[in-house]
Amino acid sequence: MARPDGMPYASGFATPRPDVRRGGTRGDRWTGELVAAHHAVDGSASNPAAPADVLIPLAGHEDPAVRLAVSARPEPSEEERAAIDWTVGPEDRLDTLRWVGDAREDTDLLHRCAASAHTWPRRSAAVCPKPPEDCVELPAGDADFAVRLLLTEFHPTAPPELLLDLHLHGTHRAVASPTSRPQFPAAGLATRFGDASEPEARRPALRDPGATPALVERPSRDPAVRVREAASLDRRLPVARLLELPEDPEVGGAAACNPLLPVPEMRALLDRAGVPGL
């Protein structure tokens, strides 16, 4: 989804806002005034026309959202940003900074944003189309997971090993998306990760297009349920092994979904389940 200016929203990751609660005996009027005051201050911090004499005091404001908004403006130098007490958590959602999006053809600015110590400009640079080459290389090695994930979502040239790393080690709900990219390095995964110590690494081995039936059968006997389940759905699994899996109470349902399961066995499963008329 894109904003009116054509830039995408970083929908997977919006600025945290303080939890403004009802003010006890002061009631709704007090709460409404507090909310209005907060929006006025927060709006000033984000207003691109705000003068410096308004912004300087806000850099030390008690509200972390206000400090963050000031720190992510285009005017501060890297040293000035570092002097502001801002925080961006790994799961905080941040829309693309408008001043970065508006300058998406400015390669020098994109480079500065990609190399910034501030998370918000880096995330914003990661979603800008057609960045210079080093603006792809820098985010690919970024310590912030969201920067790396956004790079894979918005750039067809995202490095293959970055896609694999995010899929193997990411915790965000979108970590499965890198596997759908054409440059995802699926070839050879069975050899690379078939004997990996972690189930999260052994399961992607089944994405190897060159995996033989014998290599697919091995994970069907894996101690980890999710690995056996993935193997039981694989069409390369030998039929003899597939016929054994419906008896596995943990993955039998998945095995029953494998289209290579012989029809007589399908009928037998339905009979045992008490499904009539088949």
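Placed above this text is the structure.
Presented here is an overview of the structure given in this document. Everything numeric here is computed off the predicted structure, so don't read it as measured data. (Residues numbered from 1 in each chain as written. Predicted model: local features only at pLDDT ≥ 70, side-chain atom pairs only at ≥ 80, totals over all residues. Heavy atoms only, no water.)

We now examine the overall build of the protein. Tallying secondary structure elements over the protein gives 17 helices and zero strands in all. For the protein, the residues scored as buried account for 44% of the 278 residues in total. Of the roughly 15,000 Å² of accessible surface on the protein, a fraction of 57% belongs to carbon and sulfur atoms. (Helix = DSSP H or I, 4+ residues; strand = E, 2+ residues; numbered from the N terminus. Buried < 20%, exposed > 50% of the residue type's maximum accessible area, 1.4 Å probe, protein only. Areas by Shrake-Rupley, 256 points an atom, 1.4 Å probe, with all protein chains shown as cover.)

When we look at burial in helix α6 (residues 107–114), the residues that qualify are Leu109, Leu110, Cys113 and Ala114. When α6 is viewed along its axis, its buried side chains cluster within an angular range of 135° and face the same direction. Every exposed residue of α6 that faces more than 90 degrees away from the buried side is listed here: Asp108 and Arg112. At the N-terminal end of α6, a side-chain oxygen is found 3.1 Å from the backbone nitrogen of Asp108, two or three residues along, and the residue is Asp106. (Arc of directions from axis to C-beta. Polar contact = N/O pair within 3.5 Å; in protein donor to acceptor, adjacent residues only side chain to side chain.)

A word on the pattern of salt bridges. Taken as a whole and assessed by the stated rule, the structure comprises 17 salt bridges. Taking the shortest distance from any N to any O, the salt bridge between Arg123 and Asp144 comes out at 2.9 Å. Of this pair, Arg123 sits in helix α7 (residues 119–126) while Asp144 sits in the loop between α8 (134–140) and α9 (145–154), and the two are 21 residues apart along the sequence. Note that Arg272 and Glu247 form a salt bridge whose closest N and O atoms lie 3.7 Å from each other. Placement of Arg272 in helix α17 (residues 263–272) and of Glu247 in the loop between α15 (239–242) and α16 (252–255) is noted, with a sequence separation of 25 residues between them. Look at Arg272 and you get exposed, because its relative accessible area is 53%. Among the ionic contacts, a cluster of salt bridges with common partners joins Glu217, Arg221, Arg241 and Glu244. (Salt bridge = Lys/Arg side-chain N within 4 Å of Asp/Glu carboxyl O.)

On to the environment of Ala146. Considering the arrangement of structural elements, one finds Ala146 in helix α9. Taking the C-alpha atoms as reference points, Ala146 and Arg122, 24 residues apart in sequence, are found 9.6 Å from one another.

Attention shifts here to the side chain of Arg81. Mapped onto the secondary structure, Arg81 falls in helix α4 (residues 78–82). Within the local environment of Arg81, its side chain forms a polar contact with the backbone oxygen of Arg73, the two atoms lying 2.6 Å apart. With sequence-adjacent residues up to four places away left out, Arg81 is seen in contact with Ser71, Ala72, Arg73, Pro74, Pro76, Trp86, Trp99, Ser116 and His118. (Contact = heavy atoms within 4.5 Å.)

Of all hydrophobic cores here, the largest spans 15 residues; its most connected members are Val100, Leu110 and Trp120. For this core, the elements supplying multiple residues, two or more each, are α6 and α7. Considering every element that reaches this core, the biggest residue donor is α6, with four residues. (Core = buried A, V, L, I, M, F, W, Y, C linked by side-chain atoms within 4.5 Å.)

Moving on to the environment of Leu245. Along the chain, the position of Leu245 falls in the loop between α15 and α16. A residue is classified by how much of its surface remains accessible, and Leu245, at 1% relative accessible area, is buried. The spatial distance from the C-alpha of Leu245 to the C-alpha of Glu229 is 9.4 Å, given a sequence separation of 16 residues. Residues contacting Leu245, with those up to four places away along its chain left out, are Ser220, Ser232, Leu237, Val251, Gly252 and Ala255.

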